[in-house]
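# Reading the structure
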Amino acid sequence: MFGLFGKKEPSFNIDSAIKMVAIEGNNWIDIYGVIENVKKDEIEIKVPLLPQYMANTLVPISPEKEVDTNLLEIHKDGSVKLFNFSTKIKDILLSERIIVISKPSKFKEKTFGKAKELLNNFDIEVEIDIEYNAIGVPHVQKGKTHRIFHNGISLFTSIPIPVKTIIEVSLKIPYVEYAEKKKDKFTASVVESKQLEKKKFETVLNYESIEDSLKNYLLEYSLLNQKVD
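A few points on the structure. (Residues numbered from 1 in each chain as written. Predicted model: local features only at pLDDT ≥ 70, side-chain atom pairs only at ≥ 80, totals over all residues. Heavy atoms only, no water.)

Applying the stated criterion across every chain yields a total of seven aromatic pairs. Centroid distance phenylalanine 12 to phenylalanine 85: 6.5 Å. Interplanar angle 75 degrees. Geometry classified as edge-to-face. Linking phenylalanine 12 in the loop between strand S1 (2–3) and strand S2 (17–24) with phenylalanine 85 in strand S6 (residues 79–93), this pair joins segments that are 73 residues apart in sequence. Assigned by exposure class, phenylalanine 12 and phenylalanine 85 land together as buried. With centroids separated by 5.8 Å and ring planes inclined at 80 degrees, the aromatic side chains of phenylalanine 83 and phenylalanine 107 adopt a geometry described as edge-to-face. One end of the pair, phenylalanine 83, is in strand S6; the other, phenylalanine 107, is in the loop between strand S7 (98–102) and strand S8 (108–114), and 24 residues separate them in sequence. What makes phenylalanine 83 buried here is its relative accessible area of 1%. Residue classification places phenylalanine 107 among the buried residues on the basis of a relative accessible area of 3%. In this structure, lysine 200 is placed above the aromatic ring of phenylalanine 156, and the distance from its NZ or CZ to the ring centre is 4.4 Å. (Phe/Tyr/Trp six-rings, centres within 6.5 Å; stacked < 30°, edge-to-face > 60°. Helix = DSSP H or I, 4+ residues; strand = E, 2+ residues; numbered from the N terminus. Buried < 20%, exposed > 50% of the residue type's maximum accessible area, 1.4 Å probe, protein only. Lys NZ or Arg CZ within 6 Å of the ring centre and 35° of its normal.)

Structure representation (structure tokens):
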């Protein structure tokens, strides 16, 4: 399932999702983007939230900073792979929201199988910040997803939510630029709310209405955040 260092090379396809983790002492920051251009020895990554990342005061982001990087790719044969490698930032073009990294020579890979089968059996644990509210109830609550399924999500709540309640969920995938409103929202129906411990419930939602693009981004983002051991 896992490749050895240096066995095969990623394709570095344009628009492939990338996650870079920069560490400073006990602090870290996750930086998300997509490949915009590839040259002989470097990769240009479009980072929509670059100004926000640069404004953080705990982890300085600058040329020569080492980043642990995940790259998610779908290959011509339909296989989905996650590559992990360590590299350095070569340049930062803040006005263009571009981070340039050195192309790696060593990496590890993890194979998730074929895309079609993966989509039909998707079930991965991942935390994504969300806001949600029951339809018709103005009060919005914040939370995190627990699992992402092929047909819905689960999240932790402090109280049970009645089955069949319709929930509106808002989230933002950090490497996606949302030009249109509502593209970051979907509705889902509660199918289960089980108690795990005192004041902690896992609430399972099935999609009622969701854009295909957002559903695909959710699955992609979940895979991008997996570990390659």
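Let us now look at the environment of isoleucine 167. One can find isoleucine 167 in strand S13 (residues 166–170). According to the relative accessible area criterion, isoleucine 167 is buried, its value standing at 3%. Discounting residues that sit within four places of it in the chain, isoleucine 167 has contacts with Tyr132, Asn133, Ala134, Ile161, Phe186, Thr187, Ala188, Val190 and Leu205. (Contact = heavy atoms within 4.5 Å.)

In this section: the layout of surface pockets. Quantified by volume, the largest pocket comes out at close to 1000 Å³. In this structure, the largest pocket is lined by 35 residues; those nearest its centre are Tyr32, Glu127, Asp129, Pro174 and Tyr221. Counting residues per element, the ones that place at least two in the lining of the largest pocket are S2, strand S3 (27–38), helix H1 (50–54), strand S5 (66–74), strand S10 (129–134) and strand S11 (141–149). Within the lining of the largest pocket, the residues separate by chemical class into 16 nonpolar, eight polar and 11 charged. The space that makes up the second largest pocket amounts to roughly 300 Å³. In terms of lining residues, the second largest pocket is bounded by 16 residues, among which Leu72, Ile74, Val80, Asn216 and Glu220 are the most central. Put simply, the parts of the chain that give the lining of the second largest pocket at least two residues each are S5, helix H2 (115–120) and helix H3 (212–224). (1 Å grid on protein atoms, 1.4 Å probe; cavity = no way out; pocket = protein on both sides within 12 Å on 5 of 7 lines; lining within 4 Å. Points joined across faces, edges and corners; volume = space filled by probe spheres on them. Nonpolar A, V, L, I, M, F, W, Y, C, P; charged D, E, K, R; others polar.)

Turning our eyes to something else, we now look at the environment of glutamine 52. Of note, glutamine 52 is situated in helix H1. Since its relative accessible area comes to 55%, glutamine 52 is described here as exposed. Separated by 32 residues in sequence, glutamine 52 and methionine 20 place their C-alpha atoms 15 Å apart.

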